[in-house]
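Tertiary structure, described
What follows is each chain in one-letter form.
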Amino acid sequence: MFTEEETATLRLLDLRTSEELLFRAAAAGYDQKISVILDTIDIVPDCKDERGRTPLSVAAAQGHSAAVRLLLSRDTRGMNSVDNLNRTPLFYAAQRGEK
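Rules behind the numbers
Residues numbered from 1 in each chain as written. Predicted model: local features only at pLDDT ≥ 70, side-chain atom pairs only at ≥ 80, totals over all residues. Heavy atoms only, no water. Helix = DSSP H or I, 4+ residues; strand = E, 2+ residues; numbered from the N terminus. Buried < 20%, exposed > 50% of the residue type's maximum accessible area, 1.4 Å probe, protein only. Contact = heavy atoms within 4.5 Å. Core = buried A, V, L, I, M, F, W, Y, C linked by side-chain atoms within 4.5 Å. Axes fitted to C-alpha atoms, helices over the stretch in contact; angles between N-to-C directions. Parallel < 35°, antiparallel > 145°, perpendicular 65-115°, else oblique. Left-handed = near helix turned anticlockwise from the far one by under 90°. Nonpolar A, V, L, I, M, F, W, Y, C, P; charged D, E, K, R; others polar. Salt bridge = Lys/Arg side-chain N within 4 Å of Asp/Glu carboxyl O. pLDDT = per-residue confidence, 0-100.

**What about the overall build of the chain?**
If you tally the helices and strands in the chain, you get 6 helices and 0 strands. Ordered by position from N to C terminus, the α and β elements of the chain give α-α-α-α-α-α. Residue burial in the chain is summarised as follows: out of 99 residues, 40% are buried. Taking all contacts inside the chain whose residues are at least 6 apart in sequence as the whole, residues at least 24 apart take part in 66%.

Below you can see the structure in the form of structure tokens.
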């Protein structure tokens, strides 16, 4: 969880840095940090990285089901997004054997 000071700092970040934080939290499965980032920063949960992946794709690829559920609860648009390899978050979840 972020401290009050860290939360205040989050509000000052530019969009690209904010998106990078969201991707890192998704990759690590830090669902509480994902929640704080989404609550604190005006950021779209289905933003894409240079590979066309969304934070949802990244969380699904790593098997972080709590982070996946959280991201889906905030925005379902990323559910059917495809990355540069034409893969969806569902593909990554299925690849890991997730249900």
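What follows continues from the structure just given.
**Examining the nonpolar core**
When a protein is soluble and globular, its nonpolar side chains tend to lie buried together. By size, the foremost hydrophobic cluster in this structure holds 22 residues, and its most contacted members are Leu22, Ile34, Ile37, Leu38, Ala59 and Leu71. Those elements that place two or more of their residues in this core are helix H2 (15-28), helix H3 (31-40), helix H4 (55-62), helix H5 (65-74) and helix H6 (89-95). Apart from residues lying up to four places away in sequence, leucine 38 is in contact with Leu22, Ile43, Pro45, Leu71 and Arg74.

**Brief notes about the packing of H3 against H5**
Contact geometry for H3 and H5: axes closest at 9 Å, N-to-C directions at 20°. When the axes of H3 and H5 are compared, the pair comes out roughly parallel. In terms of crossing hand, the pair formed by H3 and H5 is right-handed. Contact with H3, carried on its side by Asp31, Ile34, Ser35, Leu38 and Asp39, involves Ala66, Ala67, Leu70, Leu71 and Arg74 of H5 and no other residues of that element. Considered class by class, the residues forming the contact of H3 with H5 number 6 nonpolar, 1 polar and 3 charged.

**A closer look at the pattern of salt bridges**
For the structure on display, the rule yields 4 salt bridges. Close ionic contact of arginine 74 with aspartate 39 constitutes a salt bridge, the shortest N to O distance being 2.9 Å. Taken together, the positions of arginine 74 in helix H5 and aspartate 39 in helix H3 put the pair 35 residues apart, joining distant regions of the chain. Given a relative accessible area of 34%, arginine 74 falls into the partly exposed group. With a closest N to O distance of 2.7 Å, aspartate 49 and arginine 53 form a salt bridge. Exposure remark for aspartate 49: the relative accessible area of 12% places this residue in the buried category. Since its relative accessible area comes to 23%, arginine 53 is described here as partly exposed.

**Considerations on H4**
An α-helical turn contains 3.6 residues, so a residue and the one three or four places further along point in the same direction. Taking burial as the measure, the 8 residues of H4 include 6 buried ones, the bulk of the element. Residues of H4 that are buried: Pro55, Leu56, Ser57, Val58, Ala59 and Ala60.

**Observations concerning the confidence of the model for the chain**
Across the chain, the average pLDDT comes to 87, with 90% of residues at or above 70. Within the chain, helix H1 (residues 4-10) has the poorest average pLDDT of any element, 73, and H4 the best, 95.

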